[in-house]
Amino acid sequence: MKICSTISEARAACRDARSSSKRLGVVPTMGALHEGHLSLVRAAKAQCDAVAVSIFVNPTQFGPKEDLSKYPRQFDRDCRLLEKEAVDILFAPPVEEMYPPGAVTWVLVEGLSEKLDGRSRPGHFRGVTTIVAKLFHILEPDTAFFGQKDAAQLAVIRRMVRDLDFPVEIVACPIVREPDGLAMSSRNAYLNGEERVRALVLQRSLQQAQQGFQAGERNAVNLISAAKEVFAREPQTVLDYFEIVDPDTLDPVERVSQKTLVAVAAHVGATRLIDNLVLEP
Ligand code: PAF
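Thresholds applied
- Throughout this document, residue positions are counted from 1 along each chain, in the order its sequence is written.
- For this predicted model, a pLDDT threshold of at least 70 governs which residues receive local features, and a threshold of 80 or more governs which side-chain atom pairs are given and counted, while totals over whole chains, interfaces and linings are taken from all residues.
- With hydrogens and water excluded, all non-hydrogen atoms of the structure serve as input to the side-chain values.
- Helix and strand definitions follow DSSP, with helices as H or I runs of at least four residues and strands as E runs of at least two, each counted in order from the N terminus.
- The quantity called the radius of gyration is restricted to C-alpha atoms. Its globule counterpart is 2.2 Å times the number of residues to the power 0.38.
- Type-normalised accessible area, obtained with a 1.4 Å probe on protein chains alone, sets the label of each residue: buried when under 20%, exposed when over 50%, and partly exposed for intermediate values.
- Residues count as neighbours in contact if any of their non-hydrogen atoms are within 4.5 Å of one another.
- Only the protein chains shown count as cover for residues, with accessible areas throughout obtained via the Shrake-Rupley method and a probe of 1.4 Å.
- Two residue types count as positive, namely Lys and Arg, and two as negative, namely Asp and Glu; His and chain ends fall outside the count.
- Every charge is mapped onto a representative atom, which is NZ of Lys, CZ of Arg, CG of Asp or CD of Glu.
- Each C-beta atom gives one direction from the helix axis, and the arc is the one those directions make.
- The rule for a salt bridge is simple: a side-chain nitrogen of Lys or Arg has to be within 4 Å of a carboxyl oxygen of Asp or Glu.
- Strand pairing requires that DSSP identify at least two bridges connecting the strands.
- Each axis is a line fitted through C-alpha atoms, and for a helix only the stretch in contact is used; angles between axes span 0 to 180 degrees, taken between their N-to-C directions.
- By the definition adopted for this analysis, an angle is roughly parallel if under 35 degrees, roughly antiparallel if over 145, roughly perpendicular if from 65 to 115, and oblique otherwise.
- Residues are grouped as follows: Ala, Val, Leu, Ile, Met, Phe, Trp, Tyr, Cys and Pro are nonpolar; Asp, Glu, Lys and Arg are charged; every other residue, Gly included, is polar.

Participant: Any chance you could explain the overall build of the chain here in plain terms?
Facilitator: Check the secondary structure of the chain and you find ten helices and nine strands. Against the compact-globule benchmark of 19 Å for 281 residues, the chain has a radius of gyration of 19 Å, which places it among compact chains. Considered along the principal axes of its C-alpha atoms, the chain spans approximately 55 × 40 × 40 Å. Buried residues in the chain amount to 54% of all 281 residues. Of the contacts made within the chain by residues no fewer than 6 positions apart, 72% connect residues no fewer than 24 positions apart. Of the accessible surface of the chain, which amounts to about 13,100 Å², a share of 50% is contributed by carbon and sulfur atoms. Side-chain charges of the chain comprise 34 positive and 37 negative groups, with the mean position of each set lying 1 Å from the other.

Printed below as a string of structure tokens:
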């Protein structure tokens, strides 16, 4: 695996990998890799001829009161995991490489960036789209792989790719769960034993909505209120949002009459977790 820390090295390595009409797949990450990330890498390996992974804890997507400084960083372990998956290129730049002094240019997907997580985390998606646009310019992937767990992020990135004509195919990979159903996340490492058990409320609330749907309920308000009752029985967690929305526009729907995203975010102790599922009539 070639490890690049500068933009010029990474660009040259990716161009080299794409030469002789090879398809390059890119998996953007913030490191602290878990099975969810590795599933993206495996999908990229299966669909592309060469795979580049980026590890960059992107400061611009963290709010002033968020966990940037304590976000888990495990570079050596991550490298070993990626070597094992036979990744071709790892791009792991320092912050100054991605944000030179005086950088003032942003990529903003207006409207969509203020929905779901964007409402609770102002500026978050502006940071995400800016860094992902930069990674696309630097690495020039044919295909980029993202986890369905970050469903709002996926919608925002898809819209950016469409609006700015990036020649990149976006592939969404299914949520990977722990054996008890908790969606894998680098932030799960923050949970203590009790919180880890309480965190299952996210998954239970989604299951409640799914069961209601399977029983024939199509009214979003009714599905949401049943799911919120699940949270009411777990008072130590603070619900941020439970929404039923169009997966592309992230606008709330009144009835589940086509493919619909059910998304939840909650604080379990000091840790904010998200999860979702898709309902298809
Ligand atoms: O999903 C993530 O890990 C990050 O938001 C991403 C896409 C790597 C951008 O920093």
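Participant: Would you mind showing me how to read helix α3 (residues 75-84) here?
Facilitator: Buried within α3 are the following residues: Asp78, Cys79, Leu81 and Leu82. Within α3, the buried residues cover an arc of 165° as seen down the axis, which keeps them to one side. Facing away from the buried side of α3, by more than 90 degrees, are the exposed residues Asp76, Arg80 and Lys84. Elements that come into contact with the buried residues of α3 comprise β1 (2-4), α2 (35-47), β3 (50-55) and β4 (89-91). Just beyond α3, the residue with positive phi is Ala86, at close to 60°.

Participant: What's the story with the pattern of salt bridges in this structure? I'm lost.
Facilitator: Close approach of charged atoms lets side chains of opposite charge pair. Tallied over the entire structure, the rule returns 16 salt bridges. Across the salt bridge formed by Asp142 and Arg18, the nearest N and O atoms sit 3.0 Å from each other. Highlighted residues: Asp142 in the loop between α6 (124-139) and β5 (143-147) and Arg18 in helix α1 (residues 7-18), separated in sequence by 124 residues. When the shortest N-O distance is used, the salt bridge between Arg272 and Asp240 registers 3.0 Å. Linking Arg272 in strand β9 (residues 271-279) with Asp240 in strand β7 (residues 237-245), this pair joins segments that are 32 residues apart in sequence. According to the relative accessible area criterion, Asp240 is partly exposed, its value standing at 27%.

Participant: Before we go on, may I ask you to explain the sheet that holds β1 in this structure?
Facilitator: Hydrogen bonds along the backbone pair up the strands of a sheet, which may run parallel or antiparallel. The parallel open sheet is built from six strands, whose spatial order is β1-β4-β3-β2-β5-β6. In the strand order of this sheet, the two ends are held by β1 and β6 (169-173), each with one partner. Ignoring strand direction, the axes of neighbouring strands in this sheet form an average angle of 25°. Sheet topology note: the strand β2 (residues 24-29)/β3 ladder contains six bridges and is parallel. Paired with Val26 across the two strands is Ala52, which belongs to β3.

Participant: Looking at this structure, how should I read unusual backbone geometry?
Facilitator: Leave glycine aside and you will find that most residues have negative phi; peptide bonds, for their part, are mostly trans. You will see that Glu140, though not glycine, has its phi angle at about 50°, which is positive. Of note, Glu140 is situated in the loop between α6 and β5. Look at Leu250: it is not a glycine, yet its phi comes out positive at around 65°. As for its position among the elements, Leu250 is in the loop between β7 and β8 (260-268). By relative accessible area, Leu250 is classed as buried at 1%.

Participant: Please clarify how the packing of α1 against α6 should be interpreted in this entry.
Facilitator: Running from N to C, α1 and α6 cross one another at 55°; their axes reach a closest spacing of 8 Å. Considering the angle they form, α1 stands oblique to α6. Where α1 abuts α6, its residues Ile7, Ala10, Arg11 and Cys14 lie against His137, Ile138 and Leu139. Counted by class, the contact of α1 with α6 contains five nonpolar, one polar and one charged residues.

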